[in-house]
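Descriptive structure summary
Residues per chain, in single letters:
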Amino acid sequence: EAGVAQSPRYKIIEKRQSVAFWCNPISGHATLYWYQQILGQGPKLLIQFQNNGVVDDSQLPKDRFSAERLKGVDSTLKIQPAKLEDSAVYLCASSLNEQFFGPGTRLTVL
Amino acid sequence: GQNIDQPTEMTATEGAIVQINCTYQTSGFNGLFWYQQHAGEAPTFLSYNVLDGLEEKGRFSSFLSRSKGYSYLLLKELQMKDSASYLCAVRGNTPLVFGKGTRLSVIA
């Protein structure tokens, strides 16, 4: 069974630039999550989708972050414009019960 | 709100047993999860407890006491490859919230 796929694996940008991350969940998993994990911390939920609807985006900085899951399968997370403090690993996960995580995208903002 | 506490770091010897504790405060309770995360990798699922008691899975066991807001992860017969961060996560009335993780170092 294929796992959660994410791309790119690494991204380096300058502050004020834009960046987008892509996630393809495990087939059949209706629930998809985006997390931000800063070095030395646990993952922090940014947004949760159930099919193509948003369940929780209370911790998403909506002035600069956006996410969509138009067809209820793949999802993209965008940051525009990026700040230095956005440097982190962005993890995508999908679930039926327990969550399965993708390999993450390591973002460095210079 | 939700609050999850676990020790920042622990060190244990190869072949020994180690217990990693997690205390939590949550609005509602719908399960507690333990994840393992090796450096530079994504978290991987270890265990899930929703009822009080001990769940055993090979060398790993997880215990839950809902009345005390307490869980522990027990690792037996430690191996060098068990060196990793162990994340406690709780699902309350909100989506899963993760603790900061406990970094376990296994030494020879």
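The text that follows walks through the structure, step by step, so that each part is easy to find. Here the residue numbering is sequential within each chain, running from 1 through the sequence in written order. The naming scheme follows written order: chains are lettered A onward, ligands numbered 1 onward. Reporting in this predicted model follows two pLDDT cut-offs: at least 70 for local features of residues, and 80 or more for side-chain atom pairs to be given and counted; totals over whole chains, interfaces and linings ignore these cut-offs and use all residues. Side-chain measures were taken over the full set of non-hydrogen atoms in the model, leaving aside hydrogen atoms and water.

**Some thoughts on the pattern of salt bridges**
All names here are of chain B. Salt bridges are defined by distance alone: a side-chain nitrogen of Lys or Arg within 4 Å of a carboxyl oxygen of Asp or Glu. Within this structure, the stated rule accounts for six salt bridges over all chains. Notably, a salt bridge pairs aspartate 52 with arginine 66, separated by 3.0 Å at the nearest N-O pair. Placement of the pair is aspartate 52 in the loop between β5 (44-49) and β6 (53-57) and arginine 66 in the loop between β7 (60-65) and β8 (70-75), with a sequence separation of 14 residues. Residue class for aspartate 52 comes out partly exposed when judged on its relative accessible area of 43%. Runs of E in the DSSP output that reach at least two residues are strands. Runs of H or I that reach at least four are helices, and both are numbered from the N terminus. Relative accessible area decides the class of each residue, using a 1.4 Å probe on protein chains only: under 20% of the type maximum gives buried, over 50% gives exposed, and in between gives partly exposed.

**With respect to the side chain of A:Asp56**
Examined against the element boundaries, A:Asp56 turns out to sit in strand β6 (residues 53-56). When charges are counted, neither His nor the chain ends are considered; positive counts come from Lys and Arg and negative counts from Asp and Glu. An unpaired buried charge is present at A:Asp56: no salt bridge exists, and A:Lys62, the closest side chain of opposite charge, is 7.5 Å distant. Whenever a nitrogen or oxygen atom comes within 3.5 Å of another N or O atom, the pair is scored as a polar contact, on the condition that within protein one atom can donate a hydrogen and the other can accept it, and that pairs from neighbouring residues in sequence are kept only if both atoms are in side chains. Among the polar contacts made by the side chain of A:Asp56, one reaches the side chain of A:Ser58 at a distance of 2.8 Å. Contacts are assigned to residue pairs with any non-hydrogen atoms lying within 4.5 Å of each other. Once residues within four sequence positions are removed from consideration, A:Asp56 is found in contact with A:Leu45, A:Leu46, A:Ile47, A:Gln48 and B:Pro95.

**Brief notes about the environment of A:Gly72**
Residues and elements named next belong to chain A. With respect to the helices and strands, the residue glycine 72 is situated in the loop between β7 (65-68) and β8 (75-79). Of the residues examined, glycine 72 reaches a relative accessible area of 16% and is grouped as buried. When the C-alpha atoms of glycine 72 and cysteine 92 are compared, they prove to be 14 Å apart, with 20 residues separating the residues in sequence. In this structure glycine 72 touches Asn51 and Asn52, once residues within four positions along its chain are discounted.

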